[in-house]
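So you can see what is in the structure, the chains are spelled out below.
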Amino acid sequence: RAGPIIRWKTTSNSSPQVDFFVVLATKQGTRYVAGTCHAVVNGFFRFVDSHNRDFVGLIQYHVAPVYLSGTTGPAAFVGSINLIDTHEKYRRGA
């Protein structure tokens, strides 16, 4: 109900240099910044995309690291989700 949840983990040698990640979402052919994410525990990251909780369709997610020096790294694909319509009155057979 909160929205899509994206989880990923960094490698042990890159974690100390990463300050945070920028989460990029691509939907309907447009890429935009969905938000930022800091580490949860031991290099694990979790981002809740509450902005798209009612969206219906395909969303692809990429994350780009921002290092302590202020430089950014290349965006890496972390996953996609195809959200379906959950309104029961519109579903077939309901």
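Attention in this report is confined to the structure presented alongside it. (Residues numbered from 1 in each chain as written. Predicted model: local features only at pLDDT ≥ 70, side-chain atom pairs only at ≥ 80, totals over all residues. Heavy atoms only, no water.)

### Let's talk about the overall build of the protein
Tallying secondary structure elements over the protein gives 0 helices and 7 strands in all. In sequence order, the protein lays out its α and β elements as β-β-β-β-β-β-β. The buried share of the protein, taken over its 94 residues, is 34%. Restricting the contact set of the protein to residue pairs at least 6 apart, pairs at least 24 apart contribute 57%. Entry remark: accessible area of the protein is about 6600 Å², with carbon and sulfur atoms responsible for 51%. (Helix = DSSP H or I, 4+ residues; strand = E, 2+ residues; numbered from the N terminus. Buried < 20%, exposed > 50% of the residue type's maximum accessible area, 1.4 Å probe, protein only. Contact = heavy atoms within 4.5 Å. Areas by Shrake-Rupley, 256 points an atom, 1.4 Å probe, with all protein chains shown as cover.)

### Re the side chain of Asn52
You can see Asn52 is positioned in the loop between strand E5 (44-48) and strand E6 (57-67). Among the polar contacts made by the side chain of Asn52, one reaches the side chain of Lys27 at a distance of 2.5 Å. Discounting chain neighbours no more than four positions away, the residues touching Asn52 are Pro4, Lys27, Tyr32, Ile59, Tyr61 and Leu83. (Polar contact = N/O pair within 3.5 Å; in protein donor to acceptor, adjacent residues only side chain to side chain.)

### Re the packing of aromatic side chains
Throughout the structure, instances matching the rule amount to 3 aromatic pairs. Between the aromatic rings of Trp8 and Phe21, the centroid separation amounts to 5.4 Å while the plane-to-plane angle is 85°, which identifies the pairing as edge-to-face. With Trp8 in strand E1 (residues 5-9) and Phe21 in strand E2 (residues 18-27), this pair connects stretches of sequence that are 13 residues apart. The residues Trp8 and Phe21 share a single accessibility class, namely buried. When the ring of Trp8 is compared with that of Phe45, the centres are 5.6 Å apart and the planes differ by 5°; the resulting orientation is stacked. Here the residue Trp8 occupies a position in strand E1, and Phe45 occupies one in strand E5, the gap between them amounting to 37 residues. With a relative accessible area of 11%, Trp8 lands in the buried category. Here a set of aromatic residues connected by ring pairs shows up, and it is made of Trp8, Phe21 and Phe45. (Phe/Tyr/Trp six-rings, centres within 6.5 Å; stacked < 30°, edge-to-face > 60°.)

### Considering the sheet that holds strand E3 (residues 30-37)
The strand order across the open sheet built from 4 strands is E3-E2-E6-E7, with neighbouring strands paired in antiparallel fashion. Looking along the sheet, the strands with just one partner apiece sit at the ends: E3 and strand E7 (76-83). In this sheet, neighbouring strand axes are inclined to one another by 25° on average, regardless of whether the strands run parallel or antiparallel. Relative to E7, E6 runs antiparallel, the two being bridged by 7 bridges. Each bridged residue has a counterpart across the sheet, and for Gln60 the counterpart in E7 is Ser80. (Pairing = 2+ DSSP bridges. Axes fitted to C-alpha atoms, helices over the stretch in contact; angles between N-to-C directions.)

### With respect to the environment of Thr71
Its location among the elements puts Thr71 in the loop between E6 and E7. Owing to a relative accessible area of 44%, Thr71 belongs among the partly exposed residues under this scheme. Between the alpha carbons of Thr71 and Val18 there is a distance of 9.8 Å; along the sequence they are 53 residues apart. Among residues more than four places away in sequence, those in contact with Thr71 are Pro65 and Val66. Looking at Thr71, its side chain comes within polar contact range of the side chain of Ser69, at 3.1 Å.

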